[in-house]
Amino acid sequence: MKELKVSPIKHGTVIDHIECGMALKVLKILGLTEEPPEDTTSVIIHVPGSKGCKDIVKLENKELKKKEVNQIALISPDATINIIRDSEVVKKYRVELPDTVIGIVKCGNPNCITNFHEPVEPKFIVESRSPVVLRCAYCNRKLEDVTANLL
Amino acid sequence: MYSPLITMKFRGMDLVSIRDLTVPQMNRIMDVAEGMVPIAKGEKVSKLLDGKILATLFYEPSTRTKLSFESAMMRLGGRVIGFSDPKSSSVAKGETLADTIRMADAYSDLIVLRYRNEGAARLAADFSEVPVINAGDGAGQHPTQTLLDLFTIREEMGEINGKNIALLGDLKYGRTVHSLSEALAMFGAKLSFVSPRGLEMPAETVENVEKIGTKPLITNCLDDVIADADILYVTRIQKERFADLAEYKKVAGSFQVNTELLEKAKKSMRVMHPLPRVTEIDPEVDSTPHALYFRQAFNGVPVRMALMALIMGATE
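Since this is a predicted model, take the numbers as computed values, not measurements.

K.L.:
What is the right way to look at the interface of chain A and chain B in this model?
P.N.:
By a widely used convention, the size of an interface equals the accessible area lost when the partners come together. If you look at the interface, chain A gives 16 residues, while chain B gives 16 residues. Taken together, the two surfaces of chain A and chain B that pack against each other cover about 1,300 Å², and 46% of this comes from carbon and sulfur. Broken down residue by residue, the surface that chain A buries against chain B is led by A:N111, A:I113 and A:Y138, which jointly contribute 39%. At the junction of chain A with chain B, the criterion picks out 2 salt bridges. Note that B:E118 and A:R141 form a salt bridge whose closest N and O atoms lie 3.3 Å from each other. On inspection of chain A and its partner chain B, the count reaches 10 residue pairs in polar contact (both at pLDDT 80 or more).

K.L.:
Whenever I open this one, the domain arrangement of chain A confuses me. Can you help?
P.N.:
All names here are of chain A. Domain boundaries assigned for chain A yield domain 1 (12-94) and domain 2 (100-149). Averaged C-alpha coordinates put domain 1 and domain 2 at centres separated by 24 Å. Counting residues at the interface gives 7 residues for domain 1, matched by 7 residues for domain 2. For the pair domain 1 and domain 2, the summed buried surface comes to about 600 Å²; carbon and sulfur atoms form 77% of the total. The tally of links from domain 1 across to domain 2 stands at 0 salt bridges. At the junction of domain 1 and domain 2, the tally comes to 0 residue pairs in polar contact (both at pLDDT 80 or more). Considering only residue class, the side of domain 1 that touches domain 2 consists of 5 nonpolar, 1 polar and 1 charged.

K.L.:
Can you walk me through the packing of aromatic side chains in this structure?
P.N.:
Aromatic rings in a pair are described by how distant their centres are and how their planes are angled relative to each other. Residues and elements named next belong to chain B. Evaluation of the coordinates by the stated rule reveals 3 aromatic pairs over all chains. Look at Y59 and F83: their rings are 5.2 Å apart centre to centre, the planes differ by 80 degrees, and that puts the pair in the edge-to-face class. Here F83 lies in strand β2 (residues 79-83) and Y59 lies in the loop between β1 (53-58) and α2 (64-75), a separation of 24 residues in the sequence. Here F83 falls in the buried class, since its relative accessible area comes to 14%. Ring geometry for Y59 versus Y115: centroids 4.6 Å apart, planes at 70 degrees, classification edge-to-face. Within this pair, whereas Y59 is found in the loop between β1 and α2, its partner Y115 is found in strand β3 (residues 110-115), the two being separated by 56 residues in sequence. A relative accessible area of 4% means that Y115 is categorised as buried. Put simply, the rings of Y59, F83 and Y115 touch in pairs and so form one group of aromatic residues.

K.L.:
Explain the domain arrangement of chain B here, please?
P.N.:
All names here are of chain B. Partitioning chain B into structural domains gives domain 1 (18-141 + 299-311) and domain 2 (143-297). The C-alpha-based centres of domain 1 and domain 2 are spaced at 26 Å. Across the boundary between the two partners, domain 1 contributes 29 residues, which contact 25 residues of domain 2. When the two sides are added together, the surface that domain 1 and domain 2 hide from each other amounts to roughly 2,400 Å², 61% of it contributed by carbon and sulfur. Per-residue buried area on domain 1 facing domain 2 is highest for I18, M30 and N299; these three make up 30% of the total on that side. In this structure, the connection of domain 1 to domain 2 is made through 3 salt bridges. Salt-bridge contacts for R154 lead to D31; the nearest nitrogen and oxygen are separated by 2.9 Å. Summed over the shared surface of domain 1 and domain 2, the result is 12 residue pairs in polar contact (both at pLDDT 80 or more). Where the side of domain 1 that touches domain 2 is concerned, the elements lending two or more residues are α1 (23-40), α2, β4 (132-137) and α10 (293-311).

Parameters at a glance
- Residues numbered from 1 in each chain as written.
- Chains lettered and ligands numbered in written order.
- Predicted model: local features only at pLDDT ≥ 70, side-chain atom pairs only at ≥ 80, totals over all residues.
- Heavy atoms only, no water.
- Contact = heavy atoms within 4.5 Å.
- Buried area = accessible area lost by both parts, 1.4 Å probe.
- Salt bridge = Lys/Arg side-chain N within 4 Å of Asp/Glu carboxyl O.
- Polar contact = N/O pair within 3.5 Å; in protein donor to acceptor, adjacent residues only side chain to side chain.
- Domains from an automatic or database assignment.
- Nonpolar A, V, L, I, M, F, W, Y, C, P; charged D, E, K, R; others polar.
- Phe/Tyr/Trp six-rings, centres within 6.5 Å; stacked < 30°, edge-to-face > 60°.
- Helix = DSSP H or I, 4+ residues; strand = E, 2+ residues; numbered from the N terminus.
- Buried < 20%, exposed > 50% of the residue type's maximum accessible area, 1.4 Å probe, protein only.

The structure is reproduced here in structure tokens:
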């Protein structure tokens, strides 16, 4: 039997097929780096898989809602979400980028009003999902590099 | 791509980008503007916006835009409050734009904003209950300039559809030419983009114009377009875009509009410029029938009158 480096979880969420090296950014988008959950979060980076390298995140005793996780499609469009109850996968779905992205990435235009001290969160219209194309709802510029502008 | 959905609702709308308007709406603004010309010239008196207050918040210098908005409001019987020097306002104390907008919202019926940052007018519209008109946000949009340019072409040529319009100068950084190109494409104009090397129209604007259905002629040589042009829309080439002065002088010289160049143009060809100009149009052109730029600057008044009357619901 293949030995697992991290044991399976009984209840919670497994985010699989995260793009290689993006797991920590996924945690950041989900807000798990600011207020760590009471239960264990396992982060497995650079896992060899059939389609090459991937990352996996396991959240024990926490079921993420589809809306919460969809934002990670920004940096990992192929990620899948598995909801685990009593060690069984009860729900499985792929992340899907919403029509607007608010408060996750900042505008890459240094002269955009959202990069100054104004009481607004950066907001982007999703113009295309594959490849991901975001347009700032304020200055109307395309965001060139999503990863570099993660908040 | 222009939506065929015909919507004619103006009352209470914000105008942040020319994309906020449909072609029928732009035509309606121009129709109303035509009727406003005698009032704009002071030949007729109007009380259409009697009792209304316009707030003009100009955080950046402006001559034509600010004066023409104020003239337009006053010609329609309204009043104007505002500032053109943010140092004299609470902005100097570090107030956010959002808070200044909340105040202006409480004190006026309509806000006109010019601000240094792109996206400022969209933000203002978020924080204001009264309508906001963008009078320029950094390198972003300046939709009323586009409207008055369209109006000037239509007034002079009878129609925009099918006309050869050559945009000349710094097409990369020039704020007015990006939204104007898209609007002209929506009206079915034939476009040429003439610029020095390195200051070409951004690929995104070219792509947008092509999506609307016009394939622009892109060239670095004015001689390629001068004979066929109906309108030559000239913009300023800024010195600071060039590494050395000699290069700037060479480029500026080869893009100067003068009477010698105009000999190669059609008699009916007209020269436009959003102003201020520096050396790109020789003053000797001013007295020729080709000069349309002063008329264009005047047209800012009737077009802004029409827009404000429609947004305030004083005209249907």
